[in-house]
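This is what each chain is made of:
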Amino acid sequence: MSKVAVVYWSGTGNTETMAKAVEEGIKNAGSEAVVLTSSDFDASKVAEFDAIAFGCPAMGDEVLEESEFDPMFSGIESSLKDKKIALFGSYGWGDGQWMRDWEERCKKAGAVLATDSVMANNDPDSDAIASCKALGAALV
């Protein structure tokens, strides 16, 4: 059985809802899911997992959350080479530029994006929840 981490930051609860759906998808696919907030994750934990789902909403001018999530992510980036990952998050404005930038950043780090990233406009609807479950299953 593989072990998959779901690491996220959520300000309004929208990305947390998505993280729970990712966790459900992992478990339904027969793997162990470990859900952690970004403040509980660092580079020393990357090797403990077969795959990692990262969740962060768009903040400010379509960037990752700057006080907790982005510093954590910057600290683990060099550990992501050849690591199977997936990205998800919510947004309330813009067109998803933060996710495209984040995907490019992960590719430059050598991470392997296991599936398409999932974005939800504000509160995730049933389609976004289903996509999060599928994202979780793709990491198994």
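Residue positions are given per chain, counting from 1 as you read along its sequence in written order. With the structure being a predicted model, the display of local features is reserved for residues of pLDDT at least 70 and the display and counting of side-chain atom pairs for 80 or more, all residues being used for whole-chain, interface and lining totals. Computation of side-chain values covers all heavy atoms of the structure but excludes hydrogens and water.

Right, let's talk about the packing of aromatic side chains for a bit. Aromatic rings from Phe, Tyr and Trp, with only the six-membered ring used for Trp, were paired whenever their centres fell within 6.5 Å, and each pair was classed as stacked if the ring planes differed by under 30 degrees, edge-to-face if by over 60, and tilted otherwise. Using the criterion set out here, one finds seven aromatic pairs in the structure. On the numbers, 5.2 Å between centres and 90° between planes, the contact of F54 with F73 is edge-to-face. Of the two residues, F54 is situated in strand β3 (residues 51-55) and F73 in helix α2 (residues 69-76); the sequence distance between them amounts to 19 residues. Partly exposed residues are those whose accessible area sits between 20% and 50% of the maximum for their type, while under 20% is buried and over 50% is exposed, using a 1.4 Å probe and protein chains only. Its relative accessible area of 0% is what places F54 among the buried residues. In textbook terms, an aromatic cluster arises when at least three aromatic residues are bridged by ring pairs, as seen for F41, F49, F54, F69, F73 and W102. Numbered from the N terminus, helices here are DSSP runs of H or I no shorter than four residues, and strands are runs of E no shorter than two.

Turning our eyes to something else, we now look at the pattern of salt bridges. Salt bridges are defined as contacts in which a side-chain nitrogen from Lys or Arg sits within 4 Å of a carboxyl oxygen from Asp or Glu. Going through the model one piece at a time under the given rule, you end up with six salt bridges. Close ionic contact of E23 with K27 constitutes a salt bridge, the shortest N to O distance being 3.1 Å. Here K27 and E23 lie together in helix α1 (residues 14-28), a separation of four residues that amounts to about one turn. Residue R105 is joined to D70 by a salt bridge in which the shortest nitrogen-to-oxygen separation is 2.7 Å. One end of the pair, R105, is in helix α3 (residues 97-108); the other, D70, is in helix α2, and 35 residues separate them in sequence. A relative accessible area of 21% places D70 in the partly exposed class. Through salt bridges with shared partners, one network takes in D70, E77 and R105.

This paragraph deals with α2. Three or more residues of α2 are buried, namely F69, M72, F73 and I76. All buried residues of α2 fall inside an arc of 95° around its axis, so they share one side. The directions from the helix axis to the C-beta atoms are what the arc is built from.

At a minimum axis distance of 6 Å, the contact between α1 and helix α4 (residues 126-138) shows a crossing angle of 45°. Between α1 and α4, the crossing angle belongs to the class labelled oblique. Both α1 and α4 take part in a crossing whose hand is right-handed. Judged by residue contacts, T17, M18, A21, V22, E24, G25 and I26 of α1 engage I129, C132, K133, L135, G136 and A137 from α4. Interaxial angles span 0 to 180 degrees and are taken between N-to-C directions of axes, which are lines fitted to C-alpha atoms, for helices over the stretch in contact. Oblique is the label for every angle not falling under 35 degrees (roughly parallel), over 145 degrees (roughly antiparallel), or within 65 to 115 degrees (roughly perpendicular). When the near helix sits turned anticlockwise from the far one by under a right angle, the crossing is termed left-handed; a clockwise turn instead gives a right-handed crossing. Note on contacts: a residue pair is in contact if any heavy atoms of the two residues lie within 4.5 Å.

What follows is about unusual backbone geometry. Working note: non-glycine residues mostly have negative phi, and peptide bonds are mostly trans. One non-glycine residue with positive phi stands out, namely E62, at about 55°. With respect to the helices, strands and loops of the structure, E62 is situated in the loop between β3 and α2.

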